[in-house]
Amino acid sequence: DAGVTQSPTHLIKTRGQQVTLRCSPKSGHDTVSWYQQALGQGPQFIFQYYEEEERQRGNFPDRFSGHQFPNYSSELNVNALLLGDSALYLCASSFFSGNTGELFFGEGSRLTVL
Amino acid sequence: RKEVEQDPGPFNVPEGATVAFNCTYSNSASQSFFWYRQDCRKEPKLLMSVYSSGNEDGRFTAQLNRASQYISLLIRDSKLSDSATYLCVVNSARGFGNEKLTFGTGTRLTIIP
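Residues numbered from 1 in each chain as written. Chains lettered and ligands numbered in written order. Predicted model: local features only at pLDDT ≥ 70, side-chain atom pairs only at ≥ 80, totals over all residues. Heavy atoms only, no water.

Draft legend 1. Quick peek at the nonpolar core. Core analysis: the biggest nonpolar cluster contains 22 residues, and B:F21, B:W35, B:I71, B:L73, B:I75, B:Y86 and B:L109 have the highest contact counts within it. The residues touching B:F21, leaving out its near neighbours within four places in the chain, are B:F11, B:W35, B:I71, B:S72, B:L73, B:I75, B:Y86, B:T107 and B:L109. Residues A:W34, A:F60, A:L81 and A:L111 belong to the second largest nonpolar core, which totals 20 residues. (Core = buried A, V, L, I, M, F, W, Y, C linked by side-chain atoms within 4.5 Å. Buried < 20%, exposed > 50% of the residue type's maximum accessible area, 1.4 Å probe, protein only. Contact = heavy atoms within 4.5 Å.)

In structure tokens:
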């Protein structure tokens, strides 16, 4: 049973560039959430996708956008990168009707902005 | 004020000791509560849910006080493998399937041999 997979695992970008991160949810899950985890902090909710629509959004600017595909996989896009966007980006999957509060996280994509 | 506040630690305790973590949350409408564990440079994983009646899973006991908006985690007879960061988590979702988890900063625990 494949868990949540994310790619790439590490990447380095420069200020002003754009980045796309990818996520495949755990088998059987239909909901994908994205979190940003800065060093020494807990994960912060960016947004959640279900049925290819953004269902909820945290306090992140419009530079952060996403997409969910029919196979439930998802992308996170960040435009006009800032130094402060350097963080671990975590994808988490769940089953929409589960409502258990348990999210299954991928190992994350570590983004460094220079 | 942060939605979920917890002491960042670090907590350095000897093997076999009992350690307690505390957490407070600000949104009184929060529906469900959890403790997640995160090992160094790894992803967070659910440790246990927290219920008003209190719940226990082996050496771990979690308590919720809704009136005080306070959550706790107790680890008894600590093991070296308990070394990790413990994240207090609150689900502020409204309705089915809308998990919107708010994480605390995390408390780093190191068990000393």
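Draft legend 2. Region of the structure containing the state of the cysteines. Here the structure, examined in full by the defined rule, presents two disulfides over all chains. Here A:C23 engages in a disulfide with A:C91; their sulfurs sit 1.8 Å apart. Every disulfide takes its handedness from the sign of the S-S torsion; for A:C23 and A:C91 that torsion is -60°, giving left-handed. Taken together, the residues A:C23 in strand 3 (residues 19–24) and A:C91 in strand 9 (residues 87–94) connect sequence positions 68 residues apart. Taking relative accessible area as the criterion, A:C23 reaches 2% and is therefore assigned buried. A residue is classified by how much of its surface remains accessible, and A:C91, at 0% relative accessible area, is buried. A disulfide bridge connects B:C23 with B:C88, and the sulfur atoms are separated by 1.9 Å. Torsion about the S-S bond of the B:C23 and B:C88 cystine: about -75°, corresponding to left-handed handedness. (Disulfide = S-S within 2.5 Å. Helix = DSSP H or I, 4+ residues; strand = E, 2+ residues; numbered from the N terminus.)

Draft legend 3. Seen up close, the interface of chain A and chain B. The partner chain B presents 20 residues to the 24 residues of chain A that form the contact. Where chain A packs against chain B, one counts zero salt bridges. Sorting the residues of the side of chain A that touches chain B by element identifies strand 4 (31–37), strand 5 (44–50), strand 6 (53–57) and strand 9 of chain A as the ones contributing at least two each. Of the residues that constitute the side of chain A that touches chain B, the class distribution is seven nonpolar, 13 polar and four charged. (Salt bridge = Lys/Arg side-chain N within 4 Å of Asp/Glu carboxyl O. Nonpolar A, V, L, I, M, F, W, Y, C, P; charged D, E, K, R; others polar.)

Draft legend 4. Highlighting the environment of A:L39. Within the element layout of this structure, A:L39 appears in the loop between strand 4 and strand 5. Residues A:L39 and A:S86, 47 residues apart in the sequence, show an inter-C-alpha distance of 8.9 Å.

Draft legend 5. Quick look at the sheet that holds strand 7 (residues 60–65) of chain B. Residues and elements named next belong to chain B. In space, the five strands of this open sheet follow the order 1-3-8-7-6, with antiparallel pairing throughout. Each edge of the open sheet carries a strand with a single partner, namely strand 1 (4–6) and strand 6 (55–57). Taking the axes of each pair of neighbouring strands and ignoring which way they run, one obtains an average angle of 20° across the sheet. Bridge count between strand 3 (residues 19–25) and strand 8 (residues 70–75): six bridges; the pairing is antiparallel. Residue F21 lies in a different strand from strand 8, and its bridge partner there is L73. (Pairing = 2+ DSSP bridges. Axes fitted to C-alpha atoms, helices over the stretch in contact; angles between N-to-C directions.)

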